[in-house]
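Structure assessment
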Amino acid sequence: ASCIPLIQHLPESEFKSEIKPLPKKIRLAVRGAFNSYQNSPSNGVKDISETLELLIIKAAKGVEKNGWVPNSISNKSSADILDKLNSCKECSSIRAEIGRARSYIKSYRNKAHHTPKNKKDAYIKYQDCLHGFREGIKCILSFREAMKKVGVNINI
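The following refers to the structure shown.

Structural notes on the overall build of the chain
- Within the chain, the secondary structure is distributed over seven helices and zero strands.
- Reading the chain from its N terminus to its C terminus gives the helix and strand order α-α-α-α-α-α-α.
- Against the globule reference of 15 Å for 156 residues, the chain gives a C-alpha radius of gyration of 16 Å, in line with a compact fold.
- Among the 156 residues that make up the chain, the fraction classed as buried is 42%.
- Pairs at least 24 apart in sequence give 66% of the contacts found in the chain among residues at least 6 apart.
- Surface exposure of the chain reaches about 8400 Å², of which carbon and sulfur atoms provide 51%.
- Here the chain contributes 28 positively and 15 negatively charged side chains, and the mean placements of these two sets differ by 2 Å.

Quick look at the structure:
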């Protein structure tokens, strides 16, 4: 049986209530990240950040299709895509949600994908796993809803 430290435990009931508003395909992707999280919290954070990145790429393709930005942005990094979305006038009403996604990518995505350089970095990485995972769910929800509000429906 696998286990994780209690400080990183996320009860199943709380997880289910947090993902309830998501569409089925995204919910399944987040469920897969939760399954990873239950065995290795840092892998769960990595998986949920990859789900957010996938939605960011889908959003980029949607705004390209609408002609709001140049066609080449979906090939950029998620941080660059979010910067372009932030400067897009059609997305001006959702800058806070774009900023939240940008902050999440900076704070958690990079930590989850890289090996800590020292004990201090390792402590911070593993201590923040629960918050990073929950914030990833909230970020996916708010980013998806914001894009929907401006007319770009994103799904997996």
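Now, onward.
Quick notes on the pattern of salt bridges
- All chains considered together, the criterion is met by nine salt bridges.
- The closest approach of N and O atoms between Glu12 and Arg31, which form a salt bridge, is 2.7 Å. On the criterion of sequence distance, the pair formed by Glu12 in helix α1 (residues 12-19) and Arg31 in helix α2 (residues 24-39) is long-range, its members being 19 residues apart.
- Here Glu12 falls in the partly exposed class, since its relative accessible area comes to 30%.
- Look at Arg31 and you get partly exposed, because its relative accessible area is 22%.
- The salt bridge involving Glu53 is made with Arg109; its shortest N-O contact spans 2.9 Å. Residue Glu53 is found in helix α3 (residues 41-65), and its partner Arg109 is found in helix α5 (residues 95-113); the two are separated by 56 residues along the sequence.

Cut-off values and rules
Residues numbered from 1 in each chain as written. Predicted model: local features only at pLDDT ≥ 70, side-chain atom pairs only at ≥ 80, totals over all residues. Heavy atoms only, no water. Helix = DSSP H or I, 4+ residues; strand = E, 2+ residues; numbered from the N terminus. Rg over C-alpha atoms; globule rule 2.2 N^0.38 Å. Buried < 20%, exposed > 50% of the residue type's maximum accessible area, 1.4 Å probe, protein only. Contact = heavy atoms within 4.5 Å. Areas by Shrake-Rupley, 256 points an atom, 1.4 Å probe, with all protein chains shown as cover. Lys, Arg positive; Asp, Glu negative; His and termini not counted. Charge placed at Lys NZ, Arg CZ, Asp CG, Glu CD. Salt bridge = Lys/Arg side-chain N within 4 Å of Asp/Glu carboxyl O.

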